Amino acid sequence: MYEEIIPRMRFCLVLLHLFLIFFMAARGQEYSYVHYDVKDGLAASVVYCAAEDKEGFLWFGTEAGLSRYDGTHFRNFTSSDGLPDNEVLKLFVDSKNRVWIIPFKNSVCYYWKGKIYNADNDSVLHRLSMSSGIMSITEDKYGDIVLLEYTAVEIICPNGQTRKISTLGGRVIQIQGGGLNREGVVDFFQEEEYKMKIYRLARPAVTDPVLVKSDAIFAGDATINTTLLSPELNVFHAWKNLMLYPAHAGMFTIPVPPNIISISKIDDSLFAMNTTDGSLVYDLLTQKKTAHFLPGQTINDVFRDSEGSLWFMCAGSGIFRLGSRAFRNYSFLEKTTNLSVCSILKTGASLIVGTERYILWIIDPVSQKARKQKVEGNAANRGRVLAIKQTGKNSFLLGTDGGLIRLVNFKSLHSLSGMAIKSISGNGPQFLVSAAQGAFLCRSDDLHMVNHFWSARSTCSWQKDSLFYIGTFNGLYRVSPSGQTLFLGNAIPVFKSRITAIQESPDGVLWIATGGNGIAGYKDNKLLYTLTSKDGLTSNMCRNIVISGQDIWVGTDKGLNRVRRLDNHFFVTRFSSADGLASDIINTVYVDNDNVYVGTASGLTWFNTGKIAGNSFCKLRITAIQTSAHAWAYDTTGLVLPRRESSIRVDYVGISYRSGGDITYHYRLLGLDDAWRSTRETALSYPTLPPGHYELQLTALNKFGVLSNTLQIKFIVEKLLWEKTWFQVCMTIIIAALVWFLVSLRIRALHHKSQEKLNTSHRIAELEQMALKAQMNPHFIFNSLNSIQQYVIDKDFKGVNKFISEFSRLIRLTLELSSKTRISVEEEVNYVSTYLELEKSRFENKFDYQVRVHEGVDKTGSHIPPMILQPYIENSIRHGVRNRSDNDGQIIVGFAMKDRHLVCTIEDNGVGRAEAGKFKSRAPIEYQSRGMSLTASRVEMINKVHISSILIDIEDMQTAAGLPAGTRVTLRFSPTDIIKPKSIHHDQSNYYR
């Protein structure tokens, strides 16, 4: 018997050994969590509960305060902010988005619009009287806030009234659980005589809430706790079992682990039993456990947000977030060492993973089992499998730290040792290999070197057409078929960097990854594109690059990047350990359609790009608005800022927990700049804004390309008093009035001065004219006395008497008219007629005369300067008709209107001016006549002082034969109604009257 047992035991040990070798060294699927603790801003490491408000913020109750998380920052509230107690046990968000807070201290408060309301600052809460600890809080369909205590029910009505129910039938209430039922009202449970009774908080006919007792739904041992998971599902915790009572399926039980702490509802079909050894999630539909999260951790509560992420509140370790089950992590152990994944290849349905220690891992994605295959190599060094290239159905080329290995059916047939292989590229019978000893073409069947064209150290290489591109620590080189080498870094500085990987996209562009300057696109001897961290890459230290269709996958030392090109724009989606990657150090990437396999320093991560962004959202929220002197509520808009507070700061956040803070914000401030700008900061500051109307527009874009809502904040920066329009208008009017007043005073002064000057000029002109006329009076008298003398000599006493009578009349008229500046035509005609008659007598009727006034002339209304015609008439007599040889002299004086001008003509039929000059030379004149020169001076003076002018024209008349026929003098006077002084703009028509 013993002889049979021993061989069987040996056989079992061998099988167990083989199992451990091939299957137990690789861990199965592991979940990837994001961990938040005090170092990240959480109030404390002991977290009791969580809730999500309608804005998208997450709230966490801890032992040291309340924490609000927006996906990027934690904001903590303590008793200094209004909490009755810093230890927060329960949270609830009502329909008004009030966050109700149940602290350890027997009290209640709520947060609303930036402020915590408690019994000290809220009259409704002040009326509550807590008799025992609060078990739960909820809101019914009537809007009542219902607090279930252990021994009472507190009700806060929408109108602010409160009510407390503490007894049932004279007995003190002993509540063991409760919540909303499917009718939207509150049920709670109470054990009575080993039976669980349901009591309903109803409102018959809209009256005060009352309790309605229902039949017992469960009878058994002492029930110590109940939880209402959904309106149709109750969970009774009775000693060692959970008894579930769904209305549609009948009761069933689930064993309760001895270390259970609480039960958390995840959704209508999932709930979690939280223990000191992680959280056990059960599916109510299958009545089976679906997952065991965070083994080894003490979990107080589990919560799922609207993005679908699970949050685990721990007793001492903060918070863990399971971002997405789409990320699956595998770790590979050799003894106790977690191996780094260095290369990946998918062949058929299997995944081949190369790690350290010269190990290949063959994974079945369906069963998630892995077996390891040790390959040849020098186990003394790291022994990384850095490259895997399939050459046939079951044949592969492996590039390792120890050399190049050819495998067939995972057995080594050939090896090229003594060199560290960095990359293998190409397809077909020959492959391009980069190694520490150079770059060369190698046959895949026997590893024979065909062309060793590069002898220096090479980090990677690529063949395009007949050219070889060699990456080195010093930059990028190009080698021609003839062996000519060109260093591309001389023309393109980015290619002076360390080159880590080269790949070619379908459009023929070579994408080169660098160890410090991002990635670059190169084609036709030109640098087409460069992408760095400024363009969205997680880091400029790029370790590898993979082309998959239109996507460029770039692994860095700070995460994975998917670069998608649309037209000439590149959009970067970033993945890190916060999203579920095993590590941020990316060693290799393999892409199979939507499935992405990432080799990291901590193992393998696999995810599907079509699933990771399925439930992602992006909610943009304002968290604070501050000016230099005030802080405003986050929902404030239409601000009016005084000019001295023109500095404004707006804090905001894009809520997308699965984006891990990787959010780009776009903004513009209308009124200052209409152009959209981008930033990754969560605050905008405008230190000195000029007065005006502004509108800040904000939008956010999460890492999955989900665009948020657009927020608008309108505000006004007021003007200073002297900058306001009404003030400027008033000041303009006042200044204009003052200027007008001063200018008017100045104009008046200048006008007065000009008037005085003009009056002085007029007076001087008048005095000059009077002086001229005074000079003319002796001239007339002299001529008249000559005539009287001639009569006396001739002893013609009768003629003397008649002449003296006419002379005295002329003297009287002369004296009368000399004192006037203007006289009427009628007066001038009378004066001229008297003068002509006197001269006719003196010259013994040597001539005749006529004075004609045409009908259009207003004799009394038309005025001319006095004695202005007499000198010309005298000249016609003395030099014209007097020198005729006969007594047929004729003088005609005419007055007519032409073009509204008064035209006076003096015509004589004398000898003419030329013949008269001959008489002057032959016979001396008795005296020198000054009448013509004095008249010319008077006319010149009148033309200077007045706007109107007097025009004088003298012409010699001739017969048809060209003989002298006399002289015509024409004087043209402006109309009397427009004769005005030159510098006076008002009517001066009476000036000469």
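Residues numbered from 1 in each chain as written. Predicted model: local features only at pLDDT ≥ 70, side-chain atom pairs only at ≥ 80, totals over all residues. Heavy atoms only, no water.

## Thoughts on unusual backbone geometry
Its identity is not glycine, yet aspartate 465 carries a phi of approximately 60°, on the positive side. By the secondary structure assignment, aspartate 465 is in the loop between strand E46 (460-464) and strand E47 (467-471). Judged by its relative accessible area of 67%, aspartate 465 falls in the exposed class. Within the chain, aspartate 524 stands out as a residue other than glycine whose phi angle is a positive 50°. Tracing the backbone shows aspartate 524 in the loop between strand E52 (519-523) and strand E53 (526-531). Taking the relative accessible area as the measure of exposure, aspartate 524 reaches 60% and is therefore exposed. (Helix = DSSP H or I, 4+ residues; strand = E, 2+ residues; numbered from the N terminus. Buried < 20%, exposed > 50% of the residue type's maximum accessible area, 1.4 Å probe, protein only.)

## Examining the side chain of arginine 98
Looking at where arginine 98 falls in the secondary structure, it is placed in the loop between strand E6 (88-93) and strand E7 (99-103). Accessibility expressed as a relative area gives 16% for arginine 98, which makes it buried. There is a polar contact of 2.7 Å between the side chain of arginine 98 and the side chain of aspartate 94. Leave out the neighbours within four places in its chain, and arginine 98 touches Phe92, Val93, Tyr110, Tyr111, Trp112 and Ile145. (Polar contact = N/O pair within 3.5 Å; in protein donor to acceptor, adjacent residues only side chain to side chain. Contact = heavy atoms within 4.5 Å.)

## Comments concerning the pattern of salt bridges
In total, this model carries 24 salt bridges according to the counting rule given. Two residues, lysine 164 and glutamate 154, come together in a salt bridge whose shortest N-O distance is 3.8 Å. Residue lysine 164 is found in strand E13 (residues 162-165), and its partner glutamate 154 is found in strand E12 (residues 153-156); the two are separated by ten residues along the sequence. Taking relative accessible area as the criterion, glutamate 154 reaches 2% and is therefore assigned buried. Of the charged contacts, one joins aspartate 445 and arginine 443 as a salt bridge, the two residues approaching to 3.8 Å between their closest N and O atoms. A relative accessible area of 43% means that aspartate 445 is categorised as partly exposed. The class for arginine 443 is partly exposed, based on a relative accessible area of 31%. (Salt bridge = Lys/Arg side-chain N within 4 Å of Asp/Glu carboxyl O.)

## Digging into the confidence of the model for the protein
When pLDDT is averaged across the protein, the result is 82; 84% of the residues are at 70 or more. Considering each helix and strand of the protein separately, the mean pLDDT is smallest for helix H1 (residues 2-22), with a value of 41, and largest for strand E3 (residues 58-62), with 97. (pLDDT = per-residue confidence, 0-100.)

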